[in-house]
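A look at the structure
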Amino acid sequence: LFMVMLAVLDVMLMKLSGQEDIVVGTPVLGREHPDLEKVIGIFVSTIALRNQPTAGKTLGEFLENVKENTMNGYDNQGYPFEALVEKVDVRREAARNPLFDVMLIMHNYEAVAPGKQEVEIENLKFKKYEYEPGTTRFDLTINVMEVDETLELIIEYAAKIYKEETIRRYIGYIKKLLTTIPGHRETKLAEIDIIPEEEKNQLLKTLNDTGKDYPREKDLDRLFTEQVERTPGQTALVGQETAIGGQTVRPVRPDRPVSLTYHELNVRSQGLARYLQEKGVG
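Residues numbered from 1 in each chain as written. Predicted model: local features only at pLDDT ≥ 70, side-chain atom pairs only at ≥ 80, totals over all residues. Heavy atoms only, no water.

Assigned secondary structure in the protein chain consists of seven helices and eleven strands. Against the compact-globule benchmark of 19 Å for 282 residues, the protein chain has a radius of gyration of 26 Å, which places it well outside the compact range. Out of the 282 residues belonging to the protein chain, those deemed buried represent 27%. Within the protein chain, contacts between residues separated by at least 24 positions form 56% of all contacts whose residues are at least 6 apart in sequence. Here the protein chain displays about 20100 Å² of accessible surface, and carbon together with sulfur accounts for 51% of that area. Each charge class in the protein chain can be summarised by its mean position, and for the 36 positive and 46 negative side chains these summaries are 5 Å apart. (Helix = DSSP H or I, 4+ residues; strand = E, 2+ residues; numbered from the N terminus. Rg over C-alpha atoms; globule rule 2.2 N^0.38 Å. Buried < 20%, exposed > 50% of the residue type's maximum accessible area, 1.4 Å probe, protein only. Contact = heavy atoms within 4.5 Å. Areas by Shrake-Rupley, 256 points an atom, 1.4 Å probe, with all protein chains shown as cover. Lys, Arg positive; Asp, Glu negative; His and termini not counted. Charge placed at Lys NZ, Arg CZ, Asp CG, Glu CD.)

What follows is about helix α2 (residues 59–75). The first and last C-alpha atoms of α2 sit 24 Å apart over 17 residues, in line with the 24 Å expected at 1.5 Å per residue. When we look at burial in α2, the residues that qualify are L59, G60, F62, L63, V66, T70 and G73. Buried residues along α2 cover an arc of 160° about the axis, so they all sit on one side. If you follow the buried residues of α2, they end up packed against α1 (2–17) and β2 (45–51). (Expected span 1.5 Å × (residues − 1). Arc of directions from axis to C-beta.)

Let's shift gears to the packing of aromatic side chains. Two aromatic rings are characterised by how far apart their centres lie and by the angle between their planes. Counted by the stated rule, this structure contains five aromatic pairs. Judged by centre distance (6.4 Å) and plane angle (75°), the rings of F2 and Y74 are edge-to-face. Of the two residues, F2 is situated in helix α1 and Y74 in helix α2; the sequence distance between them amounts to 72 residues. Taking the relative accessible area as the measure of exposure, F2 reaches 13% and is therefore buried. Looking at Y74, the relative accessible area reads 28%, which means it is partly exposed. An angle of 25° between the planes, with centres 5.5 Å apart, marks the rings of F100 and F138 as stacked. Here the residue F100 occupies a position in the loop between α3 (81–88) and β3 (102–107), and F138 occupies one in the loop between β5 (124–127) and β6 (140–147), the gap between them amounting to 38 residues. Residue F100 shares its accessibility class with F138, and that shared class is buried. Three or more aromatic residues joined by ring pairs make a cluster, and in this case those are Y162, Y170 and Y173. (Phe/Tyr/Trp six-rings, centres within 6.5 Å; stacked < 30°, edge-to-face > 60°.)

The next subject is unusual backbone geometry. Across the chain, the bulk of peptide bonds are trans and the bulk of non-glycine residues have phi less than zero. In this structure, E122 is a non-glycine residue whose phi angle is positive, near 45°. The exposure class assigned to E122 is exposed, which follows from its relative accessible area of 76%. In the Ramachandran plot, D148 falls in the positive-phi region, its phi being about 50° despite a non-glycine side chain. Overall, the relative accessible area of 62% leaves D148 in the exposed class.

When the charged atoms of two side chains with opposite charge come close together, those side chains can pair. Counted under the stated rule, the structure contains 13 salt bridges. Between E86 and R92 there is a salt bridge; the shortest N-O distance is 3.4 Å. Using a relative accessible area of 56% as the deciding quantity, one classes E86 as exposed. For E197, the salt bridge is made with K200, and the minimal N-O distance between the two is 3.6 Å. Of this pair, E197 and K200 both sit in helix α5 (residues 197–206), separated by three residues, roughly a single helical turn. The exposure class of K200 is partly exposed, given its relative accessible area of 22%. A single network of salt bridges, built from pairs that share partners, joins E82, E86 and R92. (Salt bridge = Lys/Arg side-chain N within 4 Å of Asp/Glu carboxyl O.)

Summarising the element assignment, T141 is placed in strand β6. Separated by 116 residues in the primary sequence, T141 and G25 have C-alpha atoms spaced 9.2 Å apart. Residues in contact with T141, not counting those within four places in the same chain, are M103, I105, T136, I154, I155 and E156.

Geometric descriptors of this kind do not, in isolation, establish any biological role.
Right, dumping it as structure tokens:
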């Protein structure tokens, strides 16, 4: 079940980020040596599980990759985390983990499950202690618990990065992926859709219902030119400055958005048109 949840999380992160090299952290018990089995105390360590959910892989192939990488990760959990960080030579930042920003925790006991306040084991009674940490160590921490043949998820997130409604959408994506896995092992990851039908209808129909009447006898470029003549100094668009070089498009100043007036946009669009014509575009 852990491997399935890890695969689902990797695919979701791939779809959201466009990246095909995903590293997710997970805690391990840290009691590999037999002498530690009965020693009181916390020995929890962390391993970084790296997977490549590339678009061309089938779901079945990726699940096999996740299985192999997870088993290798657990087999090598004794490798010191600090030594691994030094070996991969990543840039250190005090405010974040050096290897991953997302943590997946699979709880294998029900005492922490929502709504379950007490559990008894051999005349011992354990009560759940509610607390609010107020901070998060990672951008995303996904806690998964199997309770009464259902899965319960608690997601802890950095409020400076995510809004609550965004996290609720992510939960919808996880649900959609979990229901996609059965019977779709031969489906390529590129063909898997993570967006639920309700959200898809909202994106394609409700939010995209922007139709407007305009003079059909005039070409679009003429309508734009008339708008430039009417309001040359009015803001036409707000976006991000980009530059085209070779086959890539990269932000010039990604930290500062730019806005263009209708006059400025007209000047730039005419310059782009001339450039395309010089390259032979009809």
